[in-house]
Amino acid sequence: MMTRIHAERIALVLCAVAAAAIGGGCGGDDAAFETGNMLRFGNGAEPQDLDPHVVTGVTEHRVLSALFEGLAGADPATLEPTPGVAESWDVSEDGLEYTFHLREDAKWSNGDPVLAQDFLYAWERILTPEMASEYAYMLFCMAGARAFYEGEITDFADVGAAAPDDRTVVVRLEHPTPYFLQMQVHQSWFPVHKATIEKFGGRTERGTRWTRAGNLVGNGLFMLERWEPNKRIVAVRNPHYWDREAVHLDGVIFYPYDESQTEERLFRVGELHVTSTVTPNKFDVYQRENPEILQNADYLGTYYYRLNTTRPPFDDVRVRKAFALALDRDDLVRNVVRMGRKPASHFTPPDTAGYTCQHTVGYDVAEARRLLAEAGYPDGQGFPEVTLLYNTSESHKEIAETAQAMWSQALGVDVRLRNQEWKVYLESMTQLDYDIVRSAWVGDFVDPITFLECFTTDNGNNRTGWSSAAYDALIAEAVRTADRDARFAALQEAEAILLDELPIIPVYFYTNAWLQAPEVEGLDHNLLGYISFKRIRLAHAAEG
Amino acid sequence: MDSRAEVGAIDARALLTQAEKGASLWSDAGRRLAKNRLAVAGVVVLACVFVFAAIGPFASPYSYDGQDRENRFAPPSGAHWFGTDNLGRDLLVRTMVGGRVSLMVGLAATAVSLVIGVLYGATAGFVGGRLDQAMMRVVDVLYTLPFTIFAIILVTYSGQSIVLVFVAIGAVEWLTMARIVRGQIMSLREKEFVDAAVVMGLSRRRILLRHLIPNALGPIIVFVTLTVPRVMLLEAFLSYLGLGVQAPMSSWGSLIREGTLAMEEYPWLLIFPSLALSLTLFSLNFLGDGLRDALDPRSSKD
Amino acid sequence: MHMTRYVVRQLASFIPVLFVIITLTFFLVRLAPGGPFSSEKALSAEALAQINAHYNLDAPLWRQYVDYLAGLARGDLGPSMKQPSRSVSEWIAYKFPASLELGLYGLLFALCVGLPAGILAAWRPNTWTDQLPMALAMAGICIPNFVLGPLLVYVFSLRLQWLPVAQWDGFAHKILPAVTLGAVYAAYIARLSRAALLDVLSQDFIRTARAKGLSEPRVVLRHALRGGLQPVVSFLGPAAAGIITGSFVVENIFRVPGLGTEFVKAAMNRDYTMILGTVLFFAVLIMLFNLAVDVVQAWLDPRLRHG
């Protein structure tokens, strides 16, 4: 009798679980919006936020460049400045003062006009110390911006930005900045809508509700319709956008898939028009079978190894050089890195705003062995055990394994590998607690200075312990110089020093590879991976 | 001695003899195990896997880190039975070497969690009361702490030796073991033979170790066979966090994880390491079932 | 009632345990190298100081701890440091339902497959009705979810095109993730219930029942299941808590907007407030589940009520 009761009780428990499961299932919501002329865009990760003054990543930039517009835009193929909110601008003789003339019909997505004061408000906001913006430094080329950010001046009127009238913005620069106009496509220069921000919180408050769908007011070609974190962000036509006639798409749906395998599968079944990336294995397959779907564009980034110059054996320039010369980059890139990337024999990617480094570091095993012997380690004898550190990732691992094999074969040295989780790795690198460490640098704007200023003595991105007074002086000179040729000459000389002393070993130059459905037209490539949604159209939608 | 107590004691002794079989049967267990064909097959296959991992690499013309980059992703062939990987390394020898890591981690870490979990869970379940409550609260706390952070801290402050992998895995895996054992012991504790043992004046320690634990062995063994695969895969996660073996050395867990990434293009990278792992786990499972049956104090009556 | 008093006492004992968990986690996460704002592009010292000040990370550790506890007392889990668009509580409220739903489906799948398999296997041990389900169960255990997920997607989504590849919208989107998540639990349940049932079936009261001539299904289902479920239930408690709090792997493969991914990402990002918030939430969940298991166990086995 007792057992019968128990059997019933068990059944009851099971039923409860089943009921809960089914009950929970009723909450599913379907994508009930029109997807006809919408670009379904794989965007990598989930954005941290949509506040232009808070976010830092490429992912966020893509969404924000659909929702906001700066003073100037950029041609998606050449990155040449194009009119944005400003229909024209004047540059002073010395290149230090820019006067922007704002168009009359520039409007916020709620219909308010975009005024000069909106830009000043935004710039003051991002530079206010309490805002704690991680990308505030992008504005430091503006006179007084750094001083304001660091609290040395407290009145924003003393910063080199002014609005003589509603439709004019004047920016005074700290030093000649050839890339100033191009930087206007970066979110840190975007205007924000004062009334919206202050409706939902303080001027410099992070994480208020102003960035939610329904609240956010932007001035870009699209406006935020829906934001379901980790599912999708839907942006639809902004009826108040001044150039709305030129926009082909009805909107963009950004899908956050950080798993590139998943992204590729969704692309294959036709759920995505564009992926954010493609894995090396899939790259090979598509290149072989569907090359028209595979896109690959040069990207302003360098993959390299840092060497710790503060401790043996890499405090000896001969050892550093030996390691650099013993790395067969062609083999490494062709067989391991793949993805159409290019072996790097210098640090700044070739043809960065017309600058290509003339000095190179090649592949020369005989010379490498000679240098290592000269440093006291003939055939690698007596060479201490060194460790190559990388953050955990399949591709970093295979590159490290190959480098290890190459160094062992060419130099007879034993290099151990070590992987660390991202933040631990960053900490090891910052603390100079490594021998060799995998590194990468992606430029914020197209100019060699964004690469070369990393290795000045006090730069936080140096992280090698290397210091050269001559190098620092040349970089300072380049920053001061307005003349392009003189500027590049100084940079050439600086990079030559860098490649002679080799605190770093360049490995390869990045490319951006992604999958793109044939019906997507007008998605141009450029060095910054900047995407202009204005020109994109979906072929079948245009026909139908 | 009072006659009623006398009778009670005799009853108790009879009951106890029955229960004691559980503990004294170890000698018979081997004999009974040998009769179980599946279990014997399991032992044989396991032995083969051990030989494969331990001695195999010496018999191969390739080394686990010898690269042949022009010959990468070669499908299985006469030269490379298991094919080659992304750097043209022989997958057969990499699977053998990876087996060393996985087998070692699988057995050692499971043993760690087994010993801690059984002793802890049995003590809590047997003693009961406030001590049990306190001990289970400790389990709750440990269960909740973020394992990722724990592993990161472990690797940061004490290097990255393989022993740490045992510690890290043992530290989490014993918790479930302890819960299961505690539940078992609590229900066994109410059984007659325990009362009998108490009447006999046996020490609590002896009752626990000689009577209760052996009687709970069935579920424990099953759980062990379930823990080994978890542990082997956990090792791959720890290696993601930088704990444990370093490239170019690998383990089955890591090989399988990498194989998944190339599943459609180069399926052998997934199939062979998975087969090695599955074969091992299946044999282990048959052995576990056999052991369970052989150790079962009641099975002799069937 | 005895049981009610037990439950109340247990609930009261949660508070000090939660306190210990919060304290340990608070200091552990700060022991881990790197902070929420360490990045590949180094922040200038000023920027780092500003942002640390913004999140109260420049205060002495004890001060941060006290402030955090004070916030907790007000029911405030703080802002997320790495995903500032929402507060930690908002994130949990947004992400937990997906994990819960996925977990319940997974659990349902595990029970519906695992339990019958275990019973079937124990019914006639060492025959094919035992060996087949057990071999399948072993396969379920051997195939890790990061392999099973892509395999299922390959077969059912890419080849057969029956089910969606990923996303979390309609019911069809939930099948593959639930099976991927539940498979290993189904296997565990099958194995555990078989072993436990076999244990029970060899006991005297079952012999009696059989001797009385009761039919075999009746013996197994009516009489043996009671004792046989005990280890399954003690496994299910923590397992259910685990399954419902989400799985990083499954959520990632199928892009489920769940809490499992959030938890691991928070740890990786050193999003201190997010880690603490999710740990606290998980702790409460797990303890509630374990309590539920104790209650169910006592219910299934009256002798335990005195324990």
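Residues numbered from 1 in each chain as written. Chains lettered and ligands numbered in written order. Predicted model: local features only at pLDDT ≥ 70, side-chain atom pairs only at ≥ 80, totals over all residues. Heavy atoms only, no water.

## Comments concerning the overall build of chain C
(1) Moving on: Looking only at helices and strands, chain C has 13 helices and 0 strands in total.
(2) Moving on: Start at the N end of chain C and walk to the C end: the helices and strands fall as α-α-α-α-α-α-α-α-α-α-α-α-α.
(3) Moving on: Summarising its shape, the C-alpha atoms of chain C cover approximately 85 × 55 × 30 Å along the three principal directions.
(4) Moving on: Split into buried and exposed, the 307 residues of chain C put 62% on the buried side. (Helix = DSSP H or I, 4+ residues; strand = E, 2+ residues; numbered from the N terminus. Buried < 20%, exposed > 50% of the residue type's maximum accessible area, 1.4 Å probe, protein only.)

## Remarks on the interface of chain A and chain C
(1) Moving on: Contacts between chain A and chain C engage 70 residues on the former and 62 residues on the latter.
(2) Moving on: Both faces combined, the contact of chain A with chain C buries some 5,900 Å², and carbon together with sulfur accounts for 56% of it.
(3) Moving on: When residues of chain A are sorted by the area they lose upon contact with chain C, Asn230(A), Arg265(A) and Lys423(A) head the list and together hold 12% of the total.
(4) Moving on: In this structure, Arg209(A) and Glu90(C) form a salt bridge, with 3.1 Å as the shortest nitrogen-oxygen distance. (Contact = heavy atoms within 4.5 Å. Buried area = accessible area lost by both parts, 1.4 Å probe. Salt bridge = Lys/Arg side-chain N within 4 Å of Asp/Glu carboxyl O.)

## Digging into the pattern of salt bridges
(1) Moving on: Counted under the stated rule, the structure contains 49 salt bridges over all chains.
(2) Moving on: Here Arg146(A) makes a salt bridge to Glu150(A), at a shortest N to O gap of 3.4 Å.
(3) Moving on: By relative accessible area, which is 43% here, Arg146(A) ends up partly exposed.
(4) Moving on: Taking the shortest distance from any N to any O, the salt bridge between Asp85(B) and Arg89(B) comes out at 2.9 Å. For the pair formed by Asp85(B) and Arg89(B), the shared burial category is buried.
(5) Moving on: Sharing partners across several salt bridges, the network here consists of Arg226(A), Glu228(A), Lys231(A), Arg232(A) and Asp169(C).

## What to know about the sheet that holds strand S14 (residues 415-420) of chain A
Sheet strands associate in pairs through backbone hydrogen bonding, adopting either a parallel or an antiparallel arrangement.
All names here are of chain A.
(1) Moving on: Pairing within the open sheet is mixed, and its 6 strands lie in the order S12-S16-S11-S15-S13-S14. Of all strands in the sheet, those bounded by a partner on one side alone are strand S12 (342-343) and S14.
(2) Moving on: Two elements, strand S13 (residues 386-391) and S14, share 6 bridges in a ladder whose sense is parallel. Bridging from a neighbouring strand, Tyr 390 pairs with Asn 419 of S14. (Pairing = 2+ DSSP bridges.)

## A few points about the domain arrangement of chain A
Residues and elements named next belong to chain A.
(1) Moving on: Entries for chain A in the domain assignment read domain 1 (33-261 + 516-543) and domain 2 (297-511).
(2) Moving on: Distance between the C-alpha centres of domain 1 and domain 2: 34 Å.
(3) Moving on: In terms of surface lost to domain 2, no three residues of domain 1 exceed Tyr 179, Leu 527 and Leu 528, which account for 44% of the buried area on that side.
(4) Moving on: Summed over the shared surface of domain 1 and domain 2, the number is 4 residue pairs in polar contact (both at pLDDT 80 or more).
(5) Moving on: Partitioning the side of domain 1 that touches domain 2 into residue classes produces 11 nonpolar, 5 polar and no charged. (Domains from an automatic or database assignment. Polar contact = N/O pair within 3.5 Å; in protein donor to acceptor, adjacent residues only side chain to side chain. Nonpolar A, V, L, I, M, F, W, Y, C, P; charged D, E, K, R; others polar.)

## Focus: unusual backbone geometry
(1) Moving on: Cis geometry marks the peptide bond from Pro312(A) to Pro313(A), where omega comes out at 0°.
(2) Moving on: Within the secondary structure, Pro313(A) sits in the loop between strand S11 (294-307) and helix H8 (317-325).
(3) Moving on: Of the consecutive residues Ala247(B) and Pro248(B), the connecting peptide bond is found in the cis state with omega at 5°.
(4) Moving on: Position of Pro248(B) relative to the elements: it lies in the loop between helix H11 (217-240) and helix H12 (252-261).

## Considerations on the packing of helix H1 (residues 2-31) of chain C against helix H13 (residues 272-300) of chain C
All names here are of chain C.
(1) Moving on: One can describe the packing of H1 onto H13 by two numbers: an axis separation of 9 Å at closest approach and a directional angle of 155°. If you check the angle between H1 and H13, you find them roughly antiparallel. Every pair of crossing elements has a handedness; the one defined by H1 and H13 is right-handed.
(2) Moving on: For the contact of H1 with H13, the residue count by class is 23 nonpolar, 2 polar and 2 charged. (Axes fitted to C-alpha atoms, helices over the stretch in contact; angles between N-to-C directions. Parallel < 35°, antiparallel > 145°, perpendicular 65-115°, else oblique. Left-handed = near helix turned anticlockwise from the far one by under 90°.)

## Quick word on the nonpolar core
Side chains of a nonpolar character, in soluble globular proteins, are inclined to be buried together.
(1) Moving on: Counting residues in hydrophobic clusters, the biggest one holds 355 residues, and the most contacted among them are Trp123(A), Leu127(A), Tyr305(A), Phe323(A), Trp407(A) and Phe533(A).
(2) Moving on: Aside from chain neighbours lying at most four places away, what touches Phe533(A) is Leu39(A), Phe41(A), Arg62(A), Ser65(A), Ala66(A), Leu221(A), Phe222(A), Leu249(A), Val252(A) and Phe254(A).
(3) Moving on: In this structure, Tyr120(B), Val139(B), Leu175(B) and Ala178(B) belong to the second largest nonpolar core, which totals 8 residues. (Core = buried A, V, L, I, M, F, W, Y, C linked by side-chain atoms within 4.5 Å.)

## Remarks on the domain arrangement of chain C
All names here are of chain C.
(1) Moving on: When cut into domains, chain C gives domain 1 (18-73) and domain 2 (95-306).
(2) Moving on: Computed from C-alpha coordinates alone, the two centres of domain 1 and domain 2 are separated by 37 Å.
(3) Moving on: A per-residue breakdown of the area domain 1 buries against domain 2 is headed by Leu 18, Val 29 and Tyr 68, which together make up 37% of the total.
(4) Moving on: Seen at the junction of domain 1 and domain 2, the total is 0 salt bridges.
(5) Moving on: Inspection of the region where domain 1 meets domain 2 yields 1 residue pair in polar contact (both at pLDDT 80 or more).
(6) Moving on: Residue assignment for the side of domain 1 that touches domain 2 shows that the elements contributing at least two residues are H1 and helix H3 (61-73).
(7) Moving on: The leading source of residues in the side of domain 1 that touches domain 2 is H1, at 7 residues.
(8) Moving on: Residue classes in the side of domain 1 that touches domain 2 are distributed as 11 nonpolar, 3 polar and 1 charged.

## Let's talk about the environment of Glu70(B)
(1) Moving on: Position of Glu70(B) relative to the elements: it lies in the loop between helix H4 (56-59) and helix H5 (91-127).
(2) Moving on: Each C-alpha atom of the pair Glu70(B) and Glu264(B) lies 21 Å from the other, and the pair is 194 residues apart in sequence.
(3) Moving on: Setting aside chain neighbours within four positions, we find Glu70(B) in contact with Arg334(A) and Asn335(A).
(4) Moving on: Here the side chain of Glu70(B) touches Arg334(A) through a polar contact of 3.0 Å, side chain to side chain.

## A look at the interface of chain B and chain C
(1) Moving on: Contact residues are listed per partner, giving 52 residues for chain B and 57 residues for chain C.
(2) Moving on: Summed over the shared surface of chain B and chain C, the number is 0 salt bridges.
(3) Moving on: Those elements that provide at least two residues to the side of chain B that touches chain C are helix H6 (129-144), helix H7 (147-157), helix H8 (162-189), H11, H12 and helix H13 (268-295) of chain B.
(4) Moving on: Ranked by residue count, the leading element in the side of chain B that touches chain C is H11(B), at 9 residues.
(5) Moving on: In terms of residue class, the side of chain B that touches chain C is built from 25 nonpolar, 12 polar and 15 charged.

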